[in-house]
Amino acid sequence: MRIIAGTYGGRYLKSLKGGKLRPTSDHLRETLFDVLGPLVEGSAFLDAYAGSGAVGIEAISRGAREVVFIEHHRPAAQLIKENLAALGIEGGYWLIKTPVISSLEKLADEGSRFDFVFLDPPYDEIREYHHSLRELARSSLLAPSSIVIAEHSRHCLLEENYGKLRQTRLLRRGDSQLAFYRLS
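Residues numbered from 1 in each chain as written. Predicted model: local features only at pLDDT ≥ 70, side-chain atom pairs only at ≥ 80, totals over all residues. Heavy atoms only, no water.

> Got a minute to help me understand the packing of aromatic side chains in this structure?
Remark: the centre distance and the inter-plane angle together describe each pair of aromatic rings, the angle taken between the planes. All chains considered together, the criterion is met by four aromatic pairs. Measuring from centroid to centroid gives 5.8 Å for Tyr162 and Tyr181, while their planes differ by 65°, and the two rings are edge-to-face. Of the two residues, Tyr162 is situated in strand β6 (residues 161-162) and Tyr181 in strand β8 (residues 176-183); the sequence distance between them amounts to 19 residues. Across this residue pair, the class does not change: Tyr162 and Tyr181 are buried. Linked through ring pairs, Phe33, Phe45 and Phe116 together constitute an aromatic cluster. (Phe/Tyr/Trp six-rings, centres within 6.5 Å; stacked < 30°, edge-to-face > 60°. Helix = DSSP H or I, 4+ residues; strand = E, 2+ residues; numbered from the N terminus. Buried < 20%, exposed > 50% of the residue type's maximum accessible area, 1.4 Å probe, protein only.)

> Even after reading the chapter, I still don't get the sheet that holds strand β5 (residues 142-153), so can you show me in this structure?
Pairing between the strands of a sheet comes from backbone hydrogen bonds, and it takes one of two forms, parallel or antiparallel. Within the open sheet, the eight strands sit side by side as β3-β2-β1-β4-β5-β8-β7-β6. Their pairing is mixed. With partners counted over all chains shown, the strands left at the sheet margins are β3 (93-96) and β6, one partner each. Relative to strand β4 (residues 114-119), strand β1 (residues 44-48) is paired through four bridges, and the arrangement is parallel. Bridge pairing links Leu46 to Val117 in β4. (Pairing = 2+ DSSP bridges.)

> I'm lost on the side chain of Ser139 in this one. Help?
Relative to the elements of secondary structure, Ser139 occurs in the loop between α5 (126-138) and β5. Residue Ser139 is classed as buried on the basis of its relative accessible area of 12%. Of note is the side chain of Ser139, whose polar atom sits 3.1 Å from the backbone nitrogen of Leu141. (Polar contact = N/O pair within 3.5 Å; in protein donor to acceptor, adjacent residues only side chain to side chain.)

> Where do I start with the pattern of salt bridges in this structure?
Pairing between side chains becomes possible if they bear opposite charge and their charged atoms approach one another. This model, assessed by the stated rule, comprises 10 salt bridges. Put simply, Lys14 and Glu82 hold a salt bridge, and the shortest N to O gap is 3.3 Å. Of the two residues, Lys14 sits in the segment before α1 (26-36) while Glu82 sits in helix α3 (residues 74-87), which places them 68 residues apart along the sequence. For Glu82, a relative accessible area of 31% gives the class partly exposed. For Glu58, the salt bridge identified is with Arg29, shortest N-O distance 3.1 Å. Note that Glu58 is positioned in helix α2 (residues 54-61) and Arg29 in helix α1, a separation of 29 residues in sequence. For the pair Glu58 and Arg29, one class covers both residues: buried. Each of Arg2, Asp26, Arg29, Glu58 and Arg62 takes part in a single network of salt bridges with overlapping partners. (Salt bridge = Lys/Arg side-chain N within 4 Å of Asp/Glu carboxyl O.)

> I keep staring at the packing of α1 against α2 and nothing clicks. Help me out?
The angle between the axes and the distance between the axes are what describe a pair of packed helices. Contact geometry of α1 with α2 gives a least axis separation of 11 Å together with a crossing angle of 45°. Looking at the two axes, α1 sits oblique to α2. Seen from above, α1 lies across α2 with right-handed handedness. For the pair α1 and α2, the contacting residues are Arg29, Leu32 and Phe33 in the first and Ala54, Val55, Glu58 and Ala59 in the second. (Axes fitted to C-alpha atoms, helices over the stretch in contact; angles between N-to-C directions. Parallel < 35°, antiparallel > 145°, perpendicular 65-115°, else oblique. Left-handed = near helix turned anticlockwise from the far one by under 90°. Contact = heavy atoms within 4.5 Å.)

Here it is, written out as structure tokens:
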């Protein structure tokens, strides 16, 4: 698994051995960041269910001002720290090690706001998608221009609307899909 572009482009990241993580593939990350383009530079980016941290680290590499990683699984949270340290990234990020829903509530209470929110729960935990998207729709974490992206299996059907969030685009790459949502 490698960083596609930016300051750390071409550098490799570690992943956990075994089936505990399903990192976003290099090809899918490249597709995601091709869509987001230069808007990532200077943005506030939330990587929820961060796993290895590859998506958030890609955002840092491409100039995001701030990246918040949410990862409750302790070995994965440790892996994110190791990947950041291996690249020499010492600031511009925050790692939260609590469940996503409680983390979203805490971030909203603190007045955080994000330009991009990337969600990638385990594919078999479909309820996590619905809960997270509903929580984001009713929170203050999003601005009118914010984009929420949910990576999911092509076998998982996400709703067109979650409260104020409306699906604006769906991209399929192999067995994975990226669903893009904006406030309506």
